[in-house]
Amino acid sequence: MKMKQFYQKMAALVLASVVFFYAGVGMAEERQPLRVGINTLPSLKSPIDGSRDQNQDYMRLLANYAGMQAVFVSDSWTNNLAKLASGEIDTIANITDLPYRHAFFDYGRIPMSLSTSMLYLRGGVATFDNPDRTRPLNIGIIRGQYTSPRLGPVLNYEGFSYTTQEFEDRKHILAAYDAGQIDGCSLDTQLPEDLLPAAALDTDPVYFVVRKGNTELLDRLNQAAARLATTRPMMFADLYDLYHSDGAGAPLLLDRRERDYLLAHPTLRIAVVISEQPYAYLDENGEFAGGLRAVTDRIGADLGIDIEIVPVHSAEEAYADLADGTADVLLNSRWSPGWAGEHGYMQTAPFTTSYFTEVTRRGGCPARPRIAYWSQRLADALIVPRYGSDKLVRCGSAEECLRAVEENKADVAFLRQEVAQYQTIAGRFPGLVANGTVAFSSRSAIAIPQEADTVLLSILDKEIAHMGQDVAGVAVAEEQQKLFNNRTLSSYFFNYPQYFLLGVLILFLLCGAAFYRYRRMKKRNAAHLQSIIDSDLDTGLRNLAWLEREGAQRVESMPKGAPLAAVAIRAMRPDIIAGTYGREALAELCKRLAGAFEDSSWTHLLATRASTAEVFLLACAEEKKLVPALSLILRQNESQQVGHMLVRVPLEAGICYLGDPRMELKTAVNNAELAAHEAGPVTVFSSALQRETLLVSRMESLQEQALAAREFHIWYQPKYDLKTRKCIGAEALVRWESKELGFLPPGKFIPLFESNGFITQLDFYNLEHVMEFQREAKRKGLPVLPISVNQSRQHMREEGYLQRVQELVDVYSTEGIELELTETAFDVLGEALRVHSLDIVQRLHGMGFSIDMDDFGSGYSDLSLLNQLPLDVMKIDRTMLLASEGSERMQTVLRQMIELGHALGMKVICEGIETEEQEQLLIACGCEYGQGFLYGKPMRRADYENFWLNHFFCGMNDAQRVNGDSCR
Ligand code: C2E
Ligand code: MG
Ligand code: MG
């Protein structure tokens, strides 16, 4: 198709340039006009601008060759005759040679074209199948013009009679046809589409004519025509092609004999050589496919017959099949009428043209290449004359040729362009290239054995003319497109290596860049993450985890025997600082503290933990230097600026030497922290402390089972009326009589249970025990003296505390039960929790419990609590008593405290009275009740039962006190 268009364009170009050239010459010389009479027919318009029809084109060329300028004058046939006679025009084109006409004009010597006389009928060819023969057909002809002598025989042969009717010209014929006056017409060229051709009658040469006797012009034109025919032997074919190659093809006009033949032979067996994809091949289902398949399909459809394909692999095989009658015809026989005739075949007109191109290995081929060829005939006719016969490599198929080149058995293969392209581009032979240059062309025709009925030849020729030259080409192109869709990746690589390389390069760069970015981000993120992990969020300084990790390495690098120590410095009661001044204050405090240690020569690493108000150091100094140095810094920093206030923040430090062999830094830090919790500003971790630590952890693991095994016992310490010296009640104090650890006072385990929360369970156990004690007393009919039970501050956060208490109250009663709470129960973070704690106490009071404020005056006394809480008893701490002993000032404070208690309607009791002097002091200060070793130490239940009975009813004298005797 493409090739066709290419040739059309070339022809047009040549034509246009010739016209232009002569036009140019004419203009320069003022060329003489050649007035040509024509009978314009609208249907015959060239697709190319400027040309009118084939005959006009010829006359233009002729005029050019004669040195004249063609001028066309359009008129009817008779008018043109008159104009020629009168000299108005010089020539008429396209005239059939009829003897009578020689009287009117002189004919040119060389025909200007061939004209086919056609019979047009209203029903086209189908009219011949119409059985209605009652009426003769009325056929229109042009008066005075050539009417084919075959009109009668053809119609008669088809079984029709007819009459003719003459008309002035084509226009009148068409009008009569439209008016239904005629059934058809006989004319020499095709008419508009509503007239259907029924048969081609005959074909005659047509000539230009001049006025009779105008020998000068005739000679001039004859000479020009002769020169034109010599210099342009292909001119008629070119012009025919120009006007008849629009794909429509010639009408398929089979005559009766041909139609009868097809009726008698409804199947045509066509041999096809099928080893060329996409030209002709067997597809995956074994079906004949490729460009040639379109041709056989078309033949079958047009002729209305069945086509049976006989696939063969070589032309030799095909001719053998024709000889033994396995096939009727061979489809793709190389067109060469001479060869065919000599070998006993008839050949149709060619139905397709193949252009052969070279396929070589990448990198070209040598000057005298070895040539792989497939068909013997191809080599004989085309290759041998050109390249000689000494370097031929015979192959059985197109693919075999390519393989020969690929394997270096040959250097070049000649293949049909489509086949070469497909095989190289589709990727089966990535190492080969088709250079695309047309080396030679070969046309294919259908071969028919000479013995066959010649009618078949004319049928197939008509079919080929009808089908046109494009069918196979178009189908091959479509096929190729389809196959290209399945191209392999390697074919893309071989066909576009530069893009592939570029792609790979870009990909490589992108990957590199991505990897680099990833590495950098990872590194940066890791560093960022590490810095977050390593820092104390409150202070922004390094945290303990960092110190332990970094310190472990530092320790490694230090010389053996260096006095390395982990140091923990803590601000006491950080919860109070945070609750009062906010968390920021803690962070600020830690930062300042860290700043204080930063510059000391013995500090190696420093970390903070603001949440617990601690600073940790890895220090290197002997104990005798480190302890005083630390103590000094602690003292200097005990007063801290918090906001606008100077606040006293007690600081404590713990030191743990890593020793030799060195203990793990982590352990050392833990030990230092533990030591920091010991009393005293600076504590060095010791083996005793170590034992303590071990004990603590042992206690923790035993606590649950100890409770279950009833190892906890309540001891009772009596409370006294200082004046009457009578026992007025007791305080319940817990002891742990452990099977494994021995006797343990509360000071050993309460802080641990406070910190691990176990205290809440233990308190309930104790409370129930005491409630049971009171119930028992009541049951026995004894007076119920109040017993106070300590309640840990942890209950304030305990979920369901009140409910559990209520459950106990429901079983026992609140009668004779006082609850002791310390002020620290209300040292809580945040107002909400404080309100909650106050609320709990209110409710306990509401349940009927007396509430004692234990350890009053021991630490951070918040006098406002006295107002907010429903307190029944103020229990003054022993430290107040001790402080008052030597100080008048403190005595005043004590007295005022007692007065305040009374003023608020509370009973006031002082604990820890050991001496008479203390007793006197208290009495002098107005205190009414006391508790202390002076009256009685905590004792077992049975002892207390005896004791209070002895001391309830009468006061105790001095001797009794000392001996513990009963007053009764
Ligand atoms: P606390 O409630 O202030 O109890 C008074 C402590 O002072 C008792 O110590 C008692 O033995 C001691 N004491 C009494 N008179 C004297 C004296 O004349 N001189 C001296 N130096 N001390 C005296 P204990 O029994 O060792 O209890 C210590 C603390 O343990 C109690 O202080 C209390 O806070 C806590 N505790 C004891 N039992 C329980 C309990 O069942 N639950 C809770 N949550 N805490 C308890
Ligand atoms: Mg107490
Ligand atoms: Mg107390």
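All figures in this text were calculated on a predicted structure; none of them were measured in a lab. (Residues numbered from 1 in each chain as written. Chains lettered and ligands numbered in written order. Predicted model: local features only at pLDDT ≥ 70, side-chain atom pairs only at ≥ 80, totals over all residues. Heavy atoms only, no water.)

## So, the overall build of the protein chain
No. 1: When you go through the protein chain residue by residue, the secondary structure sums to 34 helices and 36 strands.
No. 2: The globule rule puts the C-alpha radius of gyration for 968 residues at 30 Å, and the 64 Å found for the protein chain is more than 25% above it.
No. 3: Projected onto its principal axes, the C-alpha positions of the protein chain cover 185 × 75 × 70 Å.
No. 4: By the burial criterion, 48% of the 968 residues in the protein chain qualify as buried.
No. 5: Look at the contacts in the protein chain between residues 6 or more apart in sequence, and 73% of them connect residues 24 or more apart.
No. 6: Accessible surface, the protein chain as shown: approximately 46,500 Å² in total, 54% of it carbon and sulfur.
No. 7: Taking the average place of the 97 positive charges on the side chains of the protein chain and the average place of its 124 negative ones, the gap between the two points comes to 4 Å. (Helix = DSSP H or I, 4+ residues; strand = E, 2+ residues; numbered from the N terminus. Rg over C-alpha atoms; globule rule 2.2 N^0.38 Å. Buried < 20%, exposed > 50% of the residue type's maximum accessible area, 1.4 Å probe, protein only. Contact = heavy atoms within 4.5 Å. Areas by Shrake-Rupley, 256 points an atom, 1.4 Å probe, with all protein chains shown as cover. Lys, Arg positive; Asp, Glu negative; His and termini not counted. Charge placed at Lys NZ, Arg CZ, Asp CG, Glu CD.)

## A closer look at the coordination of the magnesium ion (ligand 3)
No. 1: Within the protein, the atoms that donate to the magnesium ion (ligand 3) are Asp854 (OD), Asp855 (OD), Glu911 (OE) and Glu911 (OE), at distances of 2.0 to 2.5 Å.
No. 2: A relative accessible area of 5% means that Asp854 is categorised as buried.
No. 3: Judged by its relative accessible area of 24%, Asp855 is partly exposed. (Donors = N, O, S within 2.8 Å, 3.2 Å for Na, K, Ca; no water.)

## Let's talk about the site of ligand 1
No. 1: Gln717, Glu731, Arg735, Glu914 and Phe933 are the nearest of the 22 residues found near ligand 1.
No. 2: Asp763 places a polar side-chain atom, nitrogen or oxygen, 2.9 Å from a nitrogen atom of ligand 1.
No. 3: One of the backbone N or O atoms of Phe933 is found 2.8 Å from an oxygen atom in ligand 1.
No. 4: Look at ligand 1: alone it shows 790 Å² of surface, and the protein chains cover 81% of it.
No. 5: Among the elements of the structure, strand S29 (727-738), helix H25 (746-756), helix H26 (759-779) and strand S33 (850-856) are those that each provide at least two residues to the shell around ligand 1.
No. 6: In terms of residue count, S29 provides more of the shell around ligand 1 than any other element does, four residues in total.
No. 7: Each residue belonging to the shell around ligand 1 can be placed in one class, and the counts come to seven nonpolar, six polar and nine charged. (Near = heavy atom within 4 Å. Polar contact = N/O pair within 3.5 Å; in protein donor to acceptor, adjacent residues only side chain to side chain. Nonpolar A, V, L, I, M, F, W, Y, C, P; charged D, E, K, R; others polar.)

## Topic: the environment of Leu501
No. 1: Within the element layout of this structure, Leu501 appears in helix H18 (residues 497-534).
No. 2: Here Leu501 falls in the exposed class, since its relative accessible area comes to 57%.
No. 3: Sequence spacing of Leu501 and His466 is 35 residues, and the spatial spacing of their C-alpha atoms is 50 Å.

## Describing the pattern of salt bridges
No. 1: Summed over the entire model, instances satisfying the criterion amount to 48 salt bridges.
No. 2: The salt bridge partner of Glu820 is Lys875, with a shortest N-O separation of 2.4 Å. In this pair, Glu820 sits in strand S32 (residues 817-822) while Lys875 sits in strand S34 (residues 873-876), placing the two residues 55 residues apart along the sequence. There is no split in this pair, since Glu820 and Lys875 are both buried.
No. 3: Linked through salt bridges whose partners overlap, the residues forming this network are Lys719, Glu731, Glu818, Glu820, Asp852, Lys875 and Glu911. (Salt bridge = Lys/Arg side-chain N within 4 Å of Asp/Glu carboxyl O.)

## Some remarks on the environment of Met118
No. 1: Within the fold, Met118 resides in strand S5 (residues 113-121).
No. 2: Relative accessible area serves as the criterion here: at 11%, Met118 is assigned to the buried category.
No. 3: Along the chain, Met118 and Gln794 lie 676 residues apart, while their C-alpha atoms are 122 Å from each other.
No. 4: Ignoring sequence-local partners within four residues, the contact set of Met118 consists of Cys185, Ser186, Leu187, Asp188, Pro197, Ala199, Ala200, Leu201, Pro251 and Leu253.

## Points about unusual backbone geometry
No. 1: Residue Gln277 is joined to Pro278 through a cis peptide bond whose omega torsion reads 5°.
No. 2: Relative to the helices and strands, Pro278 is located in the loop between strand S10 (267-273) and strand S11 (281-282).
No. 3: Residue Pro661 follows Asp660 across a cis peptide bond; omega there is 0°.
No. 4: Among the structural elements, Pro661 can be located in the loop between strand S26 (651-657) and helix H23 (665-676).
No. 5: Backbone geometry places Asn94, a non-glycine residue, at a positive phi of 70°.
No. 6: With respect to the secondary-structure elements, Asn94 resides in strand S3 (residues 91-96).
No. 7: Although it is not a glycine, Ala613 adopts a positive phi angle of roughly 55°.
No. 8: Structurally, Ala613 is set in the loop between strand S22 (603-609) and strand S23 (614-620).
No. 9: Since its relative accessible area comes to 0%, Ala613 is described here as buried.

## Examining helix H30 (residues 878-886)
No. 1: Within the span of H30, buried status applies to Met880, Leu881 and Ser884. One side of H30 holds all its buried residues, which, seen down the axis, span an arc of 100°.
No. 2: At its buried positions, H30 is contacted by S33, S34, helix H31 (888-903), strand S35 (907-911) and helix H32 (916-925). (Arc of directions from axis to C-beta.)

## Notes on the coordination of the magnesium ion (ligand 2)
No. 1: The magnesium ion (ligand 2) binds to the protein through Glu731 (OE), Asn790 (OD1), Glu820 (OE) and Asp854 (OD); the donor distances cover 1.9 to 2.4 Å.
No. 2: All donors of the magnesium ion (ligand 2) come from a single chain, and their spacing in sequence reads E-x58-N-x29-E-x33-D.

## Quick notes on the packing of aromatic side chains
Centre-to-centre distance and the angle between the planes together describe a pair of aromatic rings.
No. 1: Enumeration according to the criterion identifies 28 aromatic pairs in this entry.
No. 2: Seen from their ring centres, Phe712 and Trp736 are 5.0 Å apart, and the 35° between their planes marks the pair as tilted. Taken together, the residues span a long stretch of sequence, with Phe712 in strand S28 (residues 712-721) and Trp736 in strand S29 at a distance of 24 residues. There is no split in this pair, since Phe712 and Trp736 are both buried. (Phe/Tyr/Trp six-rings, centres within 6.5 Å; stacked < 30°, edge-to-face > 60°.)

## Digging into the confidence of the model for the protein chain
No. 1: Residues of the protein chain with pLDDT of at least 70 account for 91%, and the chain-wide mean is 86.
No. 2: Confidence, expressed as mean pLDDT per element, reaches its minimum in the protein chain at helix H1 (residues 2-29) with 47 and its maximum at strand S31 (residues 787-790) with 97.
No. 3: Note on residues 13-28: pLDDT under 50 across the span, and 17 contacts to partners over four residues away in sequence or across chains.
No. 4: Predicted confidence for residues 42-51 stays below pLDDT 50, and this span has 19 contacts to residues more than four positions away or in other chains. (pLDDT = per-residue confidence, 0-100.)

## Digging into the sheet that holds S23
No. 1: Spatially, five strands are ordered S22-S23-S21-S26-S27 in an open sheet, and the strand pairing comes out mixed. With one partner strand each, in any of the chains shown, S22 and strand S27 (682-684) form the two edges of the open sheet. Each adjacent strand pair in this sheet contributes to an overall mean axis angle of 20°, direction not counted.
No. 2: Of the strand pairs in this sheet, strand S21 (residues 564-571) and S23 are connected by seven bridges, and their pairing is antiparallel. Along S23, the bridge assignment pairs Ala568 with Phe616.
No. 3: Across the sheet, helix H22 (residues 623-636) lies against S21, S23, S26 and S27, angled at about 160° from S26, the strand it touches most. (Pairing = 2+ DSSP bridges. Axes fitted to C-alpha atoms, helices over the stretch in contact; angles between N-to-C directions.)

## As for a nonpolar patch on the surface
No. 1: A contiguous nonpolar patch, built from Leu502, Ile506 and Leu510 and spanning about 290 Å² of accessible area, is present on the exposed surface.
No. 2: Within the secondary structure layout, Leu502 lies in helix H18. (Patch = residues over 30% accessible without salt bridge, like charges linked within 9 Å, V, L, I, M, F, W, Y side chains within 5 Å.)

## A look at the nonpolar core
No. 1: Formed by 76 residues in total, the largest nonpolar core has its most connected members in Phe712, Leu844 and Phe849.
No. 2: Here the element with the most residues in this core is H26; it accounts for eight residues.
No. 3: Excluding residues within four positions of it along the chain, Phe712 makes contact with Gln703, Ala706, Leu707, Val734, Arg735, Trp736, Phe749, Phe753, Phe758, Leu762 and Tyr765.
No. 4: With 60 residues, the next largest nonpolar core counts Val310, Phe351, Ala420 and Val471 among its residues. (Core = buried A, V, L, I, M, F, W, Y, C linked by side-chain atoms within 4.5 Å.)

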